[in-house]
Amino acid sequence: MSGRFPILYIAEADAEEAVMSSGVLAYLVEAMPQADFTVVGSPASAPLFADTPRLTRLLTLEREGRWDWVALWDQLRKTRWGLIVDMRGSSLSGKLRRQKRAVRGAVEPGLHAVEQAARVLQLDEVPPPKLFFSPETRAMADALIGSNPAPILAIGPGVDWMGKNWPAERYAKVAGPLLADGGPMAGGRLMIVGDDVDRDSAHTIRFAVSRNRVMELQGKLTPLQTAAALSRASLFIGADSLWTQLAVAAGVPTVAAFGPSDEAARRPWTGVAVRGPRSLNEFRAIDPRLNQAIQHMLDLPYERVLKAARKLLAEKSA
């Protein structure tokens, strides 16, 4: 490897968790200009780090069987690493030559995931989540957004479990007043992001404004390209999801609709989580494993999310 100070960063397999920890890697990139980086991730998380400055190798651990780890070790063993940062808490770093290593330990209850990540390096200040975008990545996003300077409200309705799903029509009821004449984002555009499976929700949300003010990007960009697109937004509204964490890592003020989620550990680091009348423990009382096919989010009114969005925009403008 051609690094002056080679750093190996092993990201979490889960993309959302990897994004929440991404500030640690960004901190190393900015604090150690003499370092080069090798990043290991899963098929879901590795592509998020493709534009990391001074990246020499991006390795994907397709599966996590014993022989998969052995094959990964074989790709890494010839380097004497200056530092190994293992966000998976694996035993791999103990089997590699290195000067120093930092391995993630057990989850500390009540501590935000971003703070948990900072503790791996024992940092005094907590670096916020951050992803890097190459000119090519930005160009892919910009090609779909265009050069219109009007403010952009981004919405990502998609979630990985129906229990976290906030009704699409409520996103529309929030977007309408924000973008209406006299609203805090008057004349702005609406950007909808997510996967192809979010298309039905997007079709509902887009009716909040006229068709010529809507950008439907769901299914058209990779998560990293989506984050680059989100960096153009003035505000993001989503749920407890990857899209919300991508907005945070893109530096966008964020409002997240929460229900059966732990805001202490997962709220938007640069924003606010809004929940309805029930606490997390009350959701657990009827759904102990938080995995049943229940629409938990129906008791969160749109007015509460709209109020939080207005407040966040006012604080930003101040």
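Residues numbered from 1 in each chain as written. Predicted model: local features only at pLDDT ≥ 70, side-chain atom pairs only at ≥ 80, totals over all residues. Heavy atoms only, no water.

Participant: Even after reading the chapter, I still don't get the overall build of the protein, so can you show me in this structure?
Facilitator: Counting secondary structure elements, the protein contains eleven helices and eleven strands. The C-alpha radius of gyration of the protein comes to 20 Å, within 12% of the 20 Å expected for a compact globule of 318 residues. Viewed in the frame of its principal axes, the protein has a C-alpha envelope of about 60 × 50 × 35 Å. Here the protein, with 318 residues, has 54% of them falling under the buried criterion. (Helix = DSSP H or I, 4+ residues; strand = E, 2+ residues; numbered from the N terminus. Rg over C-alpha atoms; globule rule 2.2 N^0.38 Å. Buried < 20%, exposed > 50% of the residue type's maximum accessible area, 1.4 Å probe, protein only.)

Participant: Where do I start with the packing of helix 1 (residues 15-31) against helix 8 (residues 242-249) in this structure?
Facilitator: The description of two packed helices rests on the angle between their axes and on the distance between the axes. Following both chains from N to C, one finds helix 1 and helix 8 inclined at 20 degrees, their axes separated by 9 Å at the closest point. The orientation of helix 1 relative to helix 8 falls into the category roughly parallel. Taken as a pair, helix 1 and helix 8 cross one another with a handedness that is left-handed. Contacts from Ala15, Glu16, Val19, Met20 and Ser22 in helix 1 reach Leu242, Gln245, Leu246 and Ala249 in helix 8. Tallied by class, the residues present in the contact of helix 1 with helix 8 amount to six nonpolar, two polar and one charged. (Axes fitted to C-alpha atoms, helices over the stretch in contact; angles between N-to-C directions. Parallel < 35°, antiparallel > 145°, perpendicular 65-115°, else oblique. Left-handed = near helix turned anticlockwise from the far one by under 90°. Contact = heavy atoms within 4.5 Å. Nonpolar A, V, L, I, M, F, W, Y, C, P; charged D, E, K, R; others polar.)

Participant: Looking at this structure, how should I read helix 5 (residues 168-179)?
Facilitator: For the α-helix, the turn length of 3.6 residues means that residues three or four positions removed from each other point alike. The terminal C-alpha atoms of helix 5 lie 17 Å apart, and with twelve residues this matches the ideal 16 Å at 1.5 Å per residue to within 8%. Among the twelve residues in helix 5, nine count as buried, and that is most of the element. Among all positions of helix 5, only Ala168, Arg170, Tyr171, Ala172, Val174, Ala175, Gly176, Leu178 and Leu179 are buried. (Expected span 1.5 Å × (residues − 1).)

Participant: What am I meant to see in the packing of aromatic side chains here?
Facilitator: Where two aromatic rings form a pair, the distance of their centres and the angle of their planes describe that pair. By the definition in use, this model includes two aromatic pairs. Measuring from ring centre to ring centre gives 4.9 Å for Trp166 and Tyr171, while their planes differ by 80 degrees; the resulting arrangement is edge-to-face. The class of Trp166 is buried, set by a relative accessible area of 1%. The lysine or arginine in question, Arg66, covers the ring of Trp67, its NZ or CZ lying 4.7 Å from the ring centre. (Phe/Tyr/Trp six-rings, centres within 6.5 Å; stacked < 30°, edge-to-face > 60°. Lys NZ or Arg CZ within 6 Å of the ring centre and 35° of its normal.)

Participant: What is the right way to look at the sheet that holds strand 6 (residues 152-156) in this model?
Facilitator: The strands making up a sheet associate through hydrogen bonds between their backbones, and the pairing can be parallel or antiparallel. Pairing is parallel across the open sheet formed by six strands, whose spatial order is 8-7-6-9-10-11. The open sheet is flanked by strand 8 (214-216) and strand 11 (271-275), the only strands paired with a single partner. Direction aside, the axes of adjacent strands within the sheet are offset by 15 degrees on average. Pairing of strand 10 (residues 254-258) with strand 11 involves five bridges; the strand directions are parallel. Opposite Ala257, over in strand 11, you have Val274 as the bridge partner. (Pairing = 2+ DSSP bridges.)

Participant: What am I meant to see in the pattern of salt bridges here?
Facilitator: Working definition: two side chains of opposite charge can pair if their charged atoms are close together. The tally for this structure, following the rule as stated, stands at 16 salt bridges. Of the charged contacts in the structure, one is a salt bridge between Arg119 and Glu108, with a shortest N-O distance of 2.7 Å. With Arg119 in helix 3 (residues 113-120) and Glu108 in the loop between strand 5 (98-103) and helix 3, the pair connects residues that are eleven residues apart, well separated along the chain. Under the relative-accessibility criterion, Glu108 is labelled partly exposed at 33%. The partner of Arg278 in a salt bridge is Asp299, with the nearest N and O atoms 2.7 Å apart. Linking Arg278 in the loop between strand 11 and helix 10 (280-286) with Asp299 in the loop between helix 10 and helix 11 (302-317), this pair joins segments that are 21 residues apart in sequence. In this structure Asp299 comes out as partly exposed when scored by relative accessible area, which is 27%. One continuous salt-bridge network, built from bridges that share partners, spans Glu16, Asp160, Lys164, Asp240 and Arg266. (Salt bridge = Lys/Arg side-chain N within 4 Å of Asp/Glu carboxyl O.)

Participant: Help me out: how do you make sense of the side chain of Glu12 in this one?
Facilitator: On the secondary structure map, Glu12 appears in the loop between strand 1 (5-10) and helix 1. Judged by its relative accessible area of 5%, Glu12 falls in the buried class. Side-chain polar atoms of Glu12 contact the side chain of Arg104, separated by 2.7 Å. Those residues in contact with Glu12, other than ones at most four positions away along the chain, are Glu17, Ala18, Ser21, Ser42, Ser45, Met87, Arg88 and Arg104. (Polar contact = N/O pair within 3.5 Å; in protein donor to acceptor, adjacent residues only side chain to side chain.)

Participant: Which parts of the structure should I look at to understand the side chain of Asp51?
Facilitator: Checked against the element boundaries, Asp51 lands in the loop between strand 2 (35-41) and strand 3 (55-60). Buried charge Asp51 goes without a salt bridge, the closest partner of opposite sign being Arg138 at 8.1 Å. (Lys, Arg positive; Asp, Glu negative; His and termini not counted.)

Participant: Hey, could you run me through a nonpolar patch on the surface in this one?
Facilitator: On the surface, Trp67, Val70 and Trp73 cluster together into a nonpolar patch covering about 320 Å² of accessible area. Within the secondary structure, Val70 is located in helix 2 (residues 66-76). (Patch = residues over 30% accessible without salt bridge, like charges linked within 9 Å, V, L, I, M, F, W, Y side chains within 5 Å. Areas by Shrake-Rupley, 256 points an atom, 1.4 Å probe, with all protein chains shown as cover.)

Participant: Explain the nonpolar core to me, please; I cannot follow it from the model alone.
Facilitator: One recurring pattern in soluble globular proteins: nonpolar side chains tend to sit buried together. Counting 53 residues, the largest nonpolar core has Tyr9, Phe49, Val85, Leu131, Met191, Leu230 and Leu246 as the members making the most contacts within it. In terms of residue count, the dominant contributor to this core is helix 1 (eight residues). Residues in contact with Leu131, not counting those within four places in the same chain, are Ser22, Leu48, Phe49, Leu224, Ala227, Leu246 and Ala249. Judged by nonpolar contacts, the second largest core, of 30 residues, contains Leu178, Val255, Ala309 and Leu312. (Core = buried A, V, L, I, M, F, W, Y, C linked by side-chain atoms within 4.5 Å.)

Participant: Teacher, can you tell me more about the sheet that holds strand 2 here?
Facilitator: Taking strand neighbours across the sheet as the criterion, the five strands line up as 3-2-1-4-5 in an open arrangement whose pairing is parallel. Every other strand in the sheet has two partners, leaving strand 3 and strand 5 as the edge strands with one partner each. Between one strand axis and the next, the sheet turns by 15 degrees as a mean value, whatever way the strands run. Alignment of strand 1 against strand 4 (residues 81-86), held across four bridges, turns out to be parallel. By the bridge assignment for strand 4, Ile7 is matched with Leu83.

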